[in-house]
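Structural features, examined
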Amino acid sequence: MSDILIVDDERDIRELISDILEDEGFATRLAGNSDECLAHLNTEAPALMILDIWLKDSQMDGIDILKHVKRDNPDVPVVIISGHGNIEIAVAAIKQGAYDFIEKPFNIDQLLVVIRRAMETSRLRRENTQLRKKDVTSAEMVGNSAAFRTMIGQLDKVTKSNGRVMLNGPSGSGKEIAARYIHAQSNRADGPFVCVSCATIEADRMEEVLFGREGGDRGVEPGLLEQAHGGVIYFDEVADMPMGTQSKILRVLVDQQFARVGGSDKVRVDLRVVSSTSRDLELEISKGTFRQELYHRLNVVPIDVPSLADRREDIPVLADYFIEGLHKSQGLPQRKLSDEAAALMQTMVWPGNVRQLRNVIERILILGDGTGDISVKEVPTEEEKSEGEEGRVVLSGALATLPLREAREAFEREYLLTQINRFGGNISKTAQFVGMERSALHRKLKSLGVVTTSKSGGRVATVEGE
């Protein structure tokens, strides 16, 4: 969208205008009839059009072409020129969306003034639209753990390319934030970021939402693919996309063009595609619910987004980040997380991952007294305490049925597994916290069958043989 398309059936006229504009530093393209004009429009939209009303040997006249442009490329300003000008034609052109009307023979200086004003007006409108659509959702990635650093290293490698990325990870782990990070660090950062929530869009509306529609009283309604032109489109939970839509998206990935629902004209788009899933897509392929060809198109660069269980070291950092963010956005108290509360959170189970952690922090800030550090008592856990039993350890049913020696071993095993994972597999930090010499801790782990292995770029503790 950087040149001017000149459409006139008189070769001398269009070449004269082209020479003048190129002397002024503009790039130009030329068309002598409606077919040539539409071919140029389908290749790439110009920054501006100079369009003659009367076109000999053409299937469409200038007004028909103007309607076509305003339907498919409403941001392109059109300056109408005609040697048979009258007030009715001028009014008709302006009503159809022309920027201005100039009668032949025209004054060159007048034409240049109109062109510059039209292009400046178009630029301001585009900037206005982009500002209104600007997504304020943060793309900031927070963490220090080995698993987090591994993920960031992989994301940084793909930001400057145009390759398709598949983000794999459990629900709530931050896959959308990772997609926004790719967009924010890429050369498409000034373009739109459009999220397609495949799990929440009704199957019978998916194609209208993606491709848009045209016809009827509502005219042209651009879809999400069109809105993402020049930027990134993010398919969240792509496994939930209907099979029929999958085949059409596959065609878009190949051709970079599509037709709106109810229309026949091709809409060209320049997109980078990022997808995510919390499911095993190869299993979905074997079940016949996901197309193998689409999987290979989308899964060019697979990146794992670790669960919160795989990056427990990051829980205090994430908690501080959420506290600060909630203070700025909602005016909630800016409190600190006590060491004891942080330690408890690092040992908890987080099935909802980072999203659940944020919700817990928000609940604490809303229900808390608003003063001092956040204490252990304020952290909601799944354990229910009976009245008058505060401070007691509640035994699980299975643990309570074991002999003392076996129960002690089971407790020690689970306790040490939790602490090692809390410290990201760091044995030295674990030994310091639990109050044991490192060599003694190693012996204890060996006797309990606890080993550390690599996972998601970090170290995690597991029971040997599991």
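The structure under discussion appears in the preceding block.
What this report covers is the structure whose coordinates are included nearby. (Residues numbered from 1 in each chain as written. Predicted model: local features only at pLDDT ≥ 70, side-chain atom pairs only at ≥ 80, totals over all residues. Heavy atoms only, no water.)

1. Examining the overall build of the protein
Applicable threshold: Each helix is a run of H or I in the DSSP string that is no shorter than four residues. Each strand is a run of E no shorter than two, and both are numbered from the N terminus. In this description the radius of gyration comes from C-alpha coordinates, and the expected globular size is given by 2.2 Å times residues to the power 0.38. The cut-offs for exposure are 20% and 50% of the maximum accessible area for each residue type, with area from a 1.4 Å probe on protein chains only; residues under the lower value are buried, those over the upper are exposed, and the others partly exposed.
If you tally the helices and strands in the protein, you get 19 helices and 16 strands. Relative to the globule expectation of 23 Å for 466 residues, the C-alpha radius of gyration of the protein, 31 Å, shows a markedly less compact shape. When its C-alpha atoms are laid out on the principal axes, the protein stretches across 105 × 50 × 40 Å. Taking all 466 residues of the protein together, the buried fraction comes to 43%.

2. A short note on helix H4 (residues 87-95)
How we decide: Throughout, the arc means the angular range of directions from the helix axis out to the C-beta atoms. Throughout, a contact is declared for two residues whenever any of their heavy atoms are within 4.5 Å.
Along H4, the residues that are buried comprise Ile-89, Ala-90 and Ala-93. Across the axial projection of H4, the buried residues extend over an arc of 100°, all falling on one side. Exposed and oriented more than 90 degrees from the buried face of H4 are Ile-87, Glu-88 and Lys-95. The inward-facing, buried residues of H4 contact helix H3 (62-72), strand E4 (78-82) and strand E5 (100-103). A positive phi of about 110° marks Gly-97, the residue just after H4.

3. Brief notes about the side chain of Asn-421
Its location among the elements puts Asn-421 in helix H17 (residues 404-422). Each residue touching Asn-421, except ones within four places of it in the same chain, is listed here: Arg-312, Val-460 and Ala-461.

4. Remarks on the pairing of strand E2 (residues 28-31)
Quick reminder of the rule: Should DSSP find at least two bridges between two strands, the strands are taken to pair. With strands facing away from the observer, any crossover in which the path from the first strand over the helix to the second runs clockwise is taken as right-handed.
Where strand E1 (residues 4-7) meets E2, four bridges bridge the pair, whose relative direction is parallel. Opposite Leu-5, over in E2, you have Arg-29 as the bridge partner. Of the crossover connections in this fold, the one passing from E1 over helix H1 (residues 11-23) to the parallel E2 is right-handed.

5. Looking at empty space enclosed by the protein
What counts here: Only protein atoms enter the 1 Å grid used here. Points where a 1.4 Å probe fits but cannot escape make up a cavity, open sets with protein on both sides within 12 Å along at least five of seven lines make up a pocket, and a residue lines them when an atom lies within 4 Å of a point. Grid points are joined across faces, edges and corners, and a volume is the space filled by probe spheres set on the points. Charged residues are taken to be Asp, Glu, Lys and Arg, nonpolar residues to be Ala, Val, Leu, Ile, Met, Phe, Trp, Tyr, Cys and Pro, and polar residues to be all remaining types, Gly included.
Enumeration according to the criterion identifies two cavities of 30 Å³ or more in this entry. Here the second largest cavity is characterised by a volume of approximately 30 Å³. Partitioned by chemical class, the residues of the lining of the second largest cavity number two nonpolar, two polar and five charged.

6. Quick notes on the packing of aromatic side chains
This is how the line gets drawn: Stacked, tilted and edge-to-face are the three classes assigned to paired rings of Phe, Tyr and Trp, where Trp is represented by its six-membered ring and a pair needs centres within 6.5 Å; plane angles under 30 degrees give stacked, over 60 edge-to-face, the rest tilted. Charges are assigned to positions over rings by a cutoff of 6 Å between ring centre and Lys NZ or Arg CZ, combined with an angular limit of 35 degrees from the ring normal.
For the structure shown, the criterion picks out five aromatic pairs. Where Phe-423 meets Phe-433, the ring centres are 5.8 Å apart and the plane angle is 55°; that geometry is what we call tilted. In this pair, Phe-423 is assigned in the loop between H17 and helix H18 (427-434) and Phe-433 in helix H18, connecting sequence segments 10 residues apart. By relative accessible area, which is 15% here, Phe-423 ends up buried. Stacked on the ring of Phe-433, the Lys or Arg Arg-422 has its end atom at 4.2 Å from the ring centre.

In short, shape yes, function no, at least from these values alone.
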